[in-house]
Amino acid sequence: MDVASLPAFPFIGPDDNPFIPVKGADLERLEGPVGKVRLPFGGWAWLISRHDDVRQLLRHTGFSSDQYKTGFPILNPIPPKQEDASGLFIFMDGEEHSRFRRMLTAEFMIKNIRRIEPLIEETVVQALERMREIGPPADLMNEFALPVPSMTICHLLGVPYSDHDFFQDHSRVIMDRNSGPEETQAALGALAGLLGDLIKFKRATPEDDLLSRLVVERVDTGQLREDELVSLAMLLLVAGHETTANMIGLSALALLEHPGQLDALRADPSLAPGLVEELLRYITVVRTGLPRLAMEDAEIGGQQIKAGEGVVAMLSMANRDHSVFEDPDDFDPKRREAHRHMAFGFGLHQCIGQPLARAELRVALVELARRFPNLRSELKLADVPQRPMAVTFGVAELPVTW
Ligand code: HEM
């Protein structure tokens, strides 16, 4: 096969409109709903784009998420395998994966998330009032969208107030796209150190938070090692940060681009849950899709996939599938089928943090609408700087005024 002639993936062509996940020209180059694409670091993979086929793929146990397996379709540079990355279950399969996932399921149930909702509100309000002090104008990404998720994780884990600044400063370095590898490594080490000390502290004096419960129920009972708990906590921080931050930023931008939407939300905050589902569908921040490696022969969407071949589940295309969503390219907050989106993935690895992400988005948008009735973007849509190469799609900055 002539790999060089295949369409290059990820599709990174700059587009004036950040809300068009795949340009028409890229769509035209695809062989069909299941077609081959050329990967950025060599080789090729099947791109799966229909809603039904993505569901079929993501619940199939014959596909691996382990990016260190030979032949895995690599979409972004990956760091060398770390010996202490023992709890990163997002990259694990089978029993190994479910062992960790099971330990967190109850923690992320809606009733538990409701308990920290007052803390989410406090975090959101504090960030917004700080933005007010700084501006106008102010960068909504930096002052609002980025701090809210890491502060929320602080509350969830049970990081004491005295350590919040330390936690925030180091998470900021880890999440900052401009940090060099050494700086990032040092910040990861510092955070792991803080979490390690915190776990020891919670062992002696358990409180009402996620770390304490996992210490008492899992570490003390011998089901989980302390180092595994540290890397589990780091996974929660990393997986929940960029995704939620970019969703908050892009949601604000989408609402500013659709006049009347922020006013409608201010007048009736009960619109928020439906609005959030449509924003998740319309934006789909995990734009490069979910890569998997076939461990056995399988058939997806009528296509034979052989063991050893790579596949990519294109969530953003599935979320614009005409057979599920009417006029899928329209942003319609009243869309009844919006909840069928797959912005959180599907099946075995479906996002465990989704109740938390939904709560953060809901509170963030309601308070933004309420506290900034005259919010406007400083830039035209085409001029808002995008981050097309990132794992999670987003805007680099969002200057706003009010
Ligand atoms: C809008 C925000 C978010 C989006 C769009 C999002 C998206 C996703 C997606 C697409 C996956 C599936 C990955 C795969 O199948 O390979 C995933 C998994 C995961 N997410 Fe999220 N996520 C968000 C927020 C969060 C938050 C707030 C947390 C936790 C604090 C979180 C924790 C996780 C974890 C631990 C996994 C791995 C689950 C597993 O492998 O079983 N996410 N997320």
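Not measured: the values here are computed from a predicted model.

Asks: Any chance you could explain the overall build of the chain here in plain terms?
Replies: Assigned secondary structure in the chain consists of 14 helices and 10 strands. For 402 residues, the compact-globule formula gives about 21 Å, and the C-alpha radius of gyration of the chain, at 21 Å, lands near that figure. Along the longest, intermediate and shortest principal axes, the C-alpha atoms of the chain span 60 × 55 × 40 Å. Among the 402 residues that make up the chain, the fraction classed as buried is 53%. Contacts spanning at least 24 positions in sequence make up 72% of the contacts within the chain whose residues lie at least 6 apart. Accessible surface, the chain: about 18,000 Å² in total, of which carbon and sulfur atoms supply 52%. For the chain, the centre of its 42 positive side-chain charges and the centre of its 59 negative side-chain charges are spaced 4 Å apart.

Asks: Help me understand a negative patch on the surface in this model?
Replies: On the surface, E326, D327, D330 and D332 cluster together into a patch of negative charge. For E326, a relative accessible area of 63% corresponds to the exposed category.

Asks: Just checking my understanding: could you explain the coordination of the iron atom of the ligand for this structure?
Replies: By definition of the ideal shapes, a tetrahedral metal site with four donors has angles of 109.5 degrees and an octahedral site with six donors has angles of 90 or 180 degrees. From the protein, the iron atom of the ligand takes a single donor atom, C351 (SG), 2.3 Å away. Inspection of the secondary structure puts C351 in the loop between α13 (315–318) and α14 (354–371).

Asks: Got a minute to help me understand the packing of helix α3 (residues 94–105) against helix α10 (residues 226–257) in this structure?
Replies: If you want to describe how two helices pack, look at the angle between their axes and the distance between the axes. Orientation of α3 relative to α10, taken along the N-to-C sense of each, is 70 degrees, at an axis distance of 12 Å. Regarding the angle of α3 to α10, the classification is roughly perpendicular. Every pair of crossing elements has a handedness; the one defined by α3 and α10 is right-handed. Here R99, F100 and L104 of α3 lie close against α10, whose contacting residues are E228, L232 and L236. Within the contact of α3 with α10, the residues separate by chemical class into 4 nonpolar, no polar and 2 charged.

Asks: Help me out: how do you make sense of the nonpolar core in this one?
Replies: Nonpolar side chains tend toward joint burial in soluble globular proteins. Residues F144 and L157 are the most contacted members of the largest nonpolar core, which totals 108 residues. Top element by residues in this core is α10. It accounts for 17 residues. Counting 12 residues, the second-largest nonpolar core is a separate cluster that includes F9, L30, L39 and L47.

Asks: Please explain the sheet that holds strand β3 (residues 63–64) as it appears in this structure.
Replies: Here we have 5 strands laid out as an open sheet, ordered β1-β2-β8-β5-β3, and mixed in their pairing. The strands lining the two open edges of the sheet, one partner per strand, are β1 (34–38) and β3. In this sheet, strand β2 (residues 44–48) lies alongside β1 in antiparallel orientation, the contact comprising 5 bridges. Residue pairing for β2: V37 is matched across the bridge by A45.

Asks: Please explain the environment of K36 as it appears in this structure.
Replies: Residue placement: K36 occurs in strand β1. Accessibility expressed as a relative area gives 19% for K36, which makes it buried. Residues K36 and A8 lie 28 residues apart in sequence; the distance between their C-alpha atoms is 9.5 Å. Apart from the residues lying within four places of it in its own chain, the contact partners of K36 are M1, L6, P7, E31, W44, A45 and W46.

About the criteria used
Residues numbered from 1 in each chain as written. Predicted model: local features only at pLDDT ≥ 70, side-chain atom pairs only at ≥ 80, totals over all residues. Heavy atoms only, no water. Helix = DSSP H or I, 4+ residues; strand = E, 2+ residues; numbered from the N terminus. Rg over C-alpha atoms; globule rule 2.2 N^0.38 Å. Buried < 20%, exposed > 50% of the residue type's maximum accessible area, 1.4 Å probe, protein only. Contact = heavy atoms within 4.5 Å. Areas by Shrake-Rupley, 256 points an atom, 1.4 Å probe, with all protein chains shown as cover. Lys, Arg positive; Asp, Glu negative; His and termini not counted. Charge placed at Lys NZ, Arg CZ, Asp CG, Glu CD. Patch = residues over 30% accessible without salt bridge, like charges linked within 9 Å, V, L, I, M, F, W, Y side chains within 5 Å. Salt bridge = Lys/Arg side-chain N within 4 Å of Asp/Glu carboxyl O. Donors = N, O, S within 2.8 Å, 3.2 Å for Na, K, Ca; no water. Axes fitted to C-alpha atoms, helices over the stretch in contact; angles between N-to-C directions. Parallel < 35°, antiparallel > 145°, perpendicular 65-115°, else oblique. Left-handed = near helix turned anticlockwise from the far one by under 90°. Nonpolar A, V, L, I, M, F, W, Y, C, P; charged D, E, K, R; others polar. Core = buried A, V, L, I, M, F, W, Y, C linked by side-chain atoms within 4.5 Å. Pairing = 2+ DSSP bridges.

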